[in-house]
Amino acid sequence: MTETLPEQAVDAERFRRALAVHAAGVVVVTAQAEGVPVGLTATSFSSVSLEPPLVSFYVDRASTTWPWLRQAGHFAVNILAGDQADLASRFARRGIDRFAPPTRWRPGPLGVPLLGGVSAHLVCAPHSTAEIGDHVLVVGLVTEARLGVEHRPLLYHQGRFGRFAPHV
């Protein structure tokens, strides 16, 4: 007979260290709420479905930006290029005007802020959300996709931003 151990979650610090070895792409999610541009950096971005075209990201429930994003009619996923670590850091900080210079951006479809120099923009309509643990899963229906200049992606690994270097 095999003895089964009760399931117990790993402690938060060990979990965080284990996740740090996983490299993730970096996006900035932007929207306009009450005429004001808002945005945040996310490393939890993922494609969900091709038919219909769905993407997702997670946002911390404690985020001060989430209430503004939640009320927006549309949002954009700005897929960052390898040379945009400063932009990712800027949108991850609190208490600053993330859209002030040196941030380059312009209003896109339906007034959604589109950041300059990114690899791609995905304009999305909210599809669904789900509260999962201490985060909210946000799923968007992609209504428009615009490719920028072809760049290598910005990655997040071991708590730092970096660039992708392909094997030759």
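In case you missed it, the structure is sitting above this.
To start, this report covers the structure provided alongside it.

Thresholds, definitions, all that
- Residues numbered from 1 in each chain as written.
- Predicted model: local features only at pLDDT ≥ 70, side-chain atom pairs only at ≥ 80, totals over all residues.
- Heavy atoms only, no water.
- Patch = residues over 30% accessible without salt bridge, like charges linked within 9 Å, V, L, I, M, F, W, Y side chains within 5 Å.
- Areas by Shrake-Rupley, 256 points an atom, 1.4 Å probe, with all protein chains shown as cover.
- Salt bridge = Lys/Arg side-chain N within 4 Å of Asp/Glu carboxyl O.
- Helix = DSSP H or I, 4+ residues; strand = E, 2+ residues; numbered from the N terminus.
- Buried < 20%, exposed > 50% of the residue type's maximum accessible area, 1.4 Å probe, protein only.
- Arc of directions from axis to C-beta.
- Contact = heavy atoms within 4.5 Å.
- Pairing = 2+ DSSP bridges.
- Phe/Tyr/Trp six-rings, centres within 6.5 Å; stacked < 30°, edge-to-face > 60°.

Our next topic: a nonpolar patch on the surface. A cluster of nonpolar residues, Val10, Phe15 and Leu19, forms a patch on the protein surface that exposes about 280 Å² of accessible area. Along the chain, Val10 turns up in the segment before helix H1 (12-19). Relative accessible area serves as the criterion here: at 45%, Val10 is assigned to the partly exposed category.

Further remarks concern helix H3 (residues 85-92). What sets the pattern is the α-helix's 3.6 residues per turn: residues three or four places apart point alike. Looking at H3, one finds that the buried residues are Leu87, Ala88, Arg90 and Phe91. The buried residues of H3 all sit within an arc of 160 degrees when viewed along its axis, so they share a single face. Among the exposed residues of H3, those pointing more than 90 degrees away from its buried face are Asp86 and Ala92. On its buried face, H3 sits against strand S2 (27-33), strand S3 (36-42), strand S8 (113-115), strand S11 (154-157) and strand S12 (160-163).

We now examine the pairing of strand S10 (residues 135-147). For strand S5 (residues 54-60) and S10, the ladder comprises seven bridges, and the chain directions are antiparallel. Within S10, the position partnered with Leu54 by the bridge is Leu141. With 12 bridges connecting them, strand S9 (residues 120-132) and S10 associate as antiparallel partners. In the strand pairing of S10, Ser128 is matched with Val139. Linking S9 back to S10 in an antiparallel pair, the connection comprises two residues, with Gly133 at a positive phi of about 60 degrees.

A word on the packing of aromatic side chains. What the rule picks out here adds up to four aromatic pairs. Taking 5.1 Å as the distance between ring centres and 90 degrees as the angle between the ring planes, the aromatic pair formed by Phe91 and Phe99 counts as edge-to-face. Across the pair, exposure class does not vary: Phe91 and Phe99 are buried alike. Between Tyr156 and Phe161, the aromatic rings sit 5.2 Å apart at their centres with planes inclined by 55 degrees, giving tilted as the arrangement. Residue Phe161 is classed as partly exposed on the basis of its relative accessible area of 28%. Among the aromatic residues, ring-to-ring pairing joins Phe91, Phe99 and Trp105 into one connected group.

On to the pattern of salt bridges, then. Counted according to the given criterion, the structure contains three salt bridges. The residue Arg16 makes a salt bridge to Glu13 at a minimum N-O spacing of 3.5 Å. Taken together, the positions of Arg16 and Glu13, both in helix H1 and three residues apart, correspond to about one turn of that helix. Measuring nitrogen to oxygen at the nearest pair gives 2.4 Å for the salt bridge that ties Glu144 to Arg146.

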